[in-house]
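An overview of the molecular structure
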Amino acid sequence: MADDDSRAGIRYADPSIVRYCDDAHAALDSGLLAAFSAPKQTGIPAIMVGKSEGRLLNLLVRLSGAKRAVEVGTLAGFSALQIARSLPKDGHLWTIENEPLHADVARQNIVDDGLGDRVEIVLADGPQGLAQIAPNGPFDLVFLDADKERYDVYAHWAIENLRPGGLILVDNAYFFGQLLDETDEAAAVRAMHVYVAAHCDSVCIPTPDGLVLGIKRS
Ligand code: DHB
Ligand code: MG
């Protein structure tokens, strides 16, 4: 019964089951809730990772022992908080954001959470921001969650700037269900998959929109 279906991608989760599991494992405290609910309150797009994906980021950073992390696409700082909370005190997250309003909201959420010293928001377009922070590398972890048409560019940067054994994580790996479309954006997301798989031991975790996890090969 269940197994062939689930391996083929049939989902048993529905919104109420997802909500139950979010509440059971990934309930938000006040600091995370501030960042998670900021989009609705400020009119910025509500495109942050889900509660459970955020929790997964938090656990992966802790599991991997990452000290130097990079994020592309800060938005309101929800995933930045999830990452930065698991860094050691002398760890650092560089997070790149091109929209000044998003960066301001995120900075407030990060400072309110007591993580202002551990997180630097780089106000820049993705490629320029990455070029700017590259001298701080090599990095232990890179999380991509930005414009999809440059996912291939970001993935190349990540592989070049991660230490061997470092982690790459990529959100929206199913590209909102459009991964197999004949568009330039879909092609860039597929190129990310191919490039990560070529350089990492990797998997696409079947979260609602797919989350790539790769460990850079030596
Ligand atoms: C965009 C980025 C995201 O991470 C997302 O989930 C949706 C849209 C974007 O930059 O367009
Ligand atoms: Mg996203």
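Presented here is a report on the structure given in the accompanying data block. (Residues numbered from 1 in each chain as written. Chains lettered and ligands numbered in written order. Predicted model: local features only at pLDDT ≥ 70, side-chain atom pairs only at ≥ 80, totals over all residues. Heavy atoms only, no water.)

Observations concerning the sheet that holds strand β1 (residues 68-72)
In plain terms, the rule: Strands pair, by our definition, only if DSSP identifies at least two bridges between them. Strands here are runs of E lasting at least two residues and helices are runs of H or I lasting at least four, both read from the DSSP assignment and numbered beginning at the N terminus. Axis definition: a line fit to C-alpha positions, over the contact stretch in the case of helices; interaxial angles, taken between N-to-C directions, run 0 to 180 degrees. We call two residues in contact whenever any of their non-hydrogen atoms come within 4.5 Å of each other.
Spatially, the seven strands line up as an open sheet ordered β3-β2-β1-β4-β5-β7-β6, and their pairing is mixed. Of all the strands in the sheet, just β3 (119-123) and β6 (200-205) have a single pairing partner and so form its edges. Strand-to-strand twist in this sheet, taken as the mean axis angle between neighbours without regard to direction, amounts to 15°. Relative to β3, strand β2 (residues 92-97) runs parallel, the two being bridged by five bridges. Along β3, the bridge assignment pairs I96 with V122. Contacts from helix α6 (residues 100-112) reach β2 and β3, with the element oriented near 170° to β3. Packing of helix α9 (residues 184-199) onto the sheet brings it into contact with β5 (162-170), β6 and β7 (211-216), and relative to β6 it is tilted by some 140°.

Quick look at the site of ligand 1
The line we're drawing: For this description, a residue counts as near a given molecule or strand if any of its non-hydrogen atoms is within 4 Å of it. Counting of polar contacts relies on pairs of N or O atoms within 3.5 Å, with two restrictions inside protein: one atom must be capable of donating a hydrogen and the other of accepting it, and residues adjacent in sequence are counted only when both atoms are side-chain atoms. Per-residue accessibility takes into account occlusion by the displayed protein chains alone, with areas from the Shrake-Rupley method and a 1.4 Å probe. As defined here, a cavity is a set of points on a 1 Å grid over the protein atoms alone where a 1.4 Å probe fits but cannot get out. A pocket is an open set with protein on both sides within 12 Å along at least five of seven lines, and residues line them when an atom is within 4 Å of a point. The rule for placing a molecule in a cavity or pocket is simple: more than half of its atoms must lie within 2 Å of the grid points. When residue character is reported, Ala, Val, Leu, Ile, Met, Phe, Trp, Tyr, Cys and Pro are called nonpolar, Asp, Glu, Lys and Arg charged, and the others, Gly included, polar.
Around ligand 1 sit I47, D145, A146, D147, K148, N172 and F176, and those are all the residues in its vicinity. Between an oxygen atom of ligand 1 and a side-chain N or O atom of D145, the distance comes to 2.6 Å. K148 places a side-chain nitrogen or oxygen 3.0 Å from an oxygen atom of ligand 1. Within the complex, 70% of the 290 Å² of free accessible area of ligand 1 lies under protein. Cavity membership is defined here by more than half of the atoms lying within 2 Å of grid points; on that basis ligand 1 lies in the largest pocket. Taken together, the residues of the shell around ligand 1 break down into three nonpolar, one polar and three charged.

Some remarks on helix α7 (residues 126-133)
Rules: Buried, partly exposed and exposed residues are distinguished by accessible area as a fraction of the type maximum, computed with a 1.4 Å probe on protein chains only: under 20%, between the cut-offs, and over 50%, respectively. As used here, the arc belongs to the directions running from the helix axis to the C-beta atoms.
Listed as buried for α7 are G126, G129, L130 and I133. The buried residues of α7 all sit within an arc of 100° when viewed along its axis, so they share a single face. Summarising the geometry of α7, the exposed residues directed more than 90 degrees from the buried face are A131 and Q132. Buried residues along α7 sit against β1, β2, β3, β4 (139-144) and α8 (151-161).

A short note on the packing of α8 against α9
Our working definition: Angles below 35 degrees are treated as roughly parallel, those above 145 as roughly antiparallel, those between 65 and 115 as roughly perpendicular, and all remaining angles as oblique. Left-handed describes a crossing whose near helix is turned anticlockwise from the far helix by less than a right angle; the clockwise case is right-handed.
The geometry of α8 relative to α9 is characterised by a closest axis approach of 7 Å and an angle of 20° between their N-to-C directions. Accordingly, the angle class assigned to the pair α8 and α9 is roughly parallel. For the element pair α8 and α9, the recorded crossing hand is right-handed. Along its contact with α8, which presents Y151, D152, A155, H156 and I159, the element α9 presents A188, V189, A191, M192, Y195, V196 and H199. The class makeup of the residues in the contact of α8 with α9 is nine nonpolar, two polar and one charged.

Topic: the coordination of the magnesium ion (ligand 2)
Keep this limit in mind: Donor atoms (N, O, S) are those found within 2.8 Å of the metal centre, with the cutoff raised to 3.2 Å for Na, K and Ca; water is not part of the atom list, so apparent gaps in a site can occur.
At 1.9 to 2.0 Å from the magnesium ion (ligand 2) lie its protein donor atoms, namely D145 (OD) and N172 (OD1). Of this pair, D145 sits in the loop between β4 and α8 while N172 sits in the loop between β5 and α9, and the two are 27 residues apart along the sequence. Looking at D145, the relative accessible area reads 13%, which means it is buried. Given the relative accessible area of 8%, N172 is considered buried.

Points about the pairing of β4
Along a regular strand, successive side chains alternate from one face of the sheet to the other. Applied cut-off: By convention, orient the strands away from the viewer: a clockwise path from the first strand over the helix to the second makes the crossover right-handed.
The element β4 is extensively covered by neighbouring structure, given that six of its six residues are classed as buried. Note: β1 against β4, four bridges, orientation parallel. The residue bridging V70 from the neighbouring strand is V142, located in β4. As paired strands, β4 and β5 are joined by five bridges and run parallel to one another. Residue L144 lies in a different strand from β5, and its bridge partner there is V170. Handedness of the crossover is the feature at issue here: the chain leaves β4, passes through α8, returns alongside β5, and the resulting connection is right-handed.

Section: the nonpolar core
Just so we agree on the cut-off: In this description, a nonpolar core means a group of buried Ala, Val, Leu, Ile, Met, Phe, Trp, Tyr and Cys residues linked to one another through side-chain atoms lying within 4.5 Å.
Ranked by internal contacts, the top residues of the largest apolar core, which has 30 residues, are L130, I133, I168 and M192. Mapped by element, the contributors of at least two residues to this core are β1, β2, α7, β4, α8, β5 and α9. Ranked by residues supplied to this core, first place goes to α8 with six residues. Ignoring any residue separated from it by four or fewer positions in sequence, one finds I168 in contact with V142, L144, A155, A158, L162, V196, C200, V212, L213 and G214.

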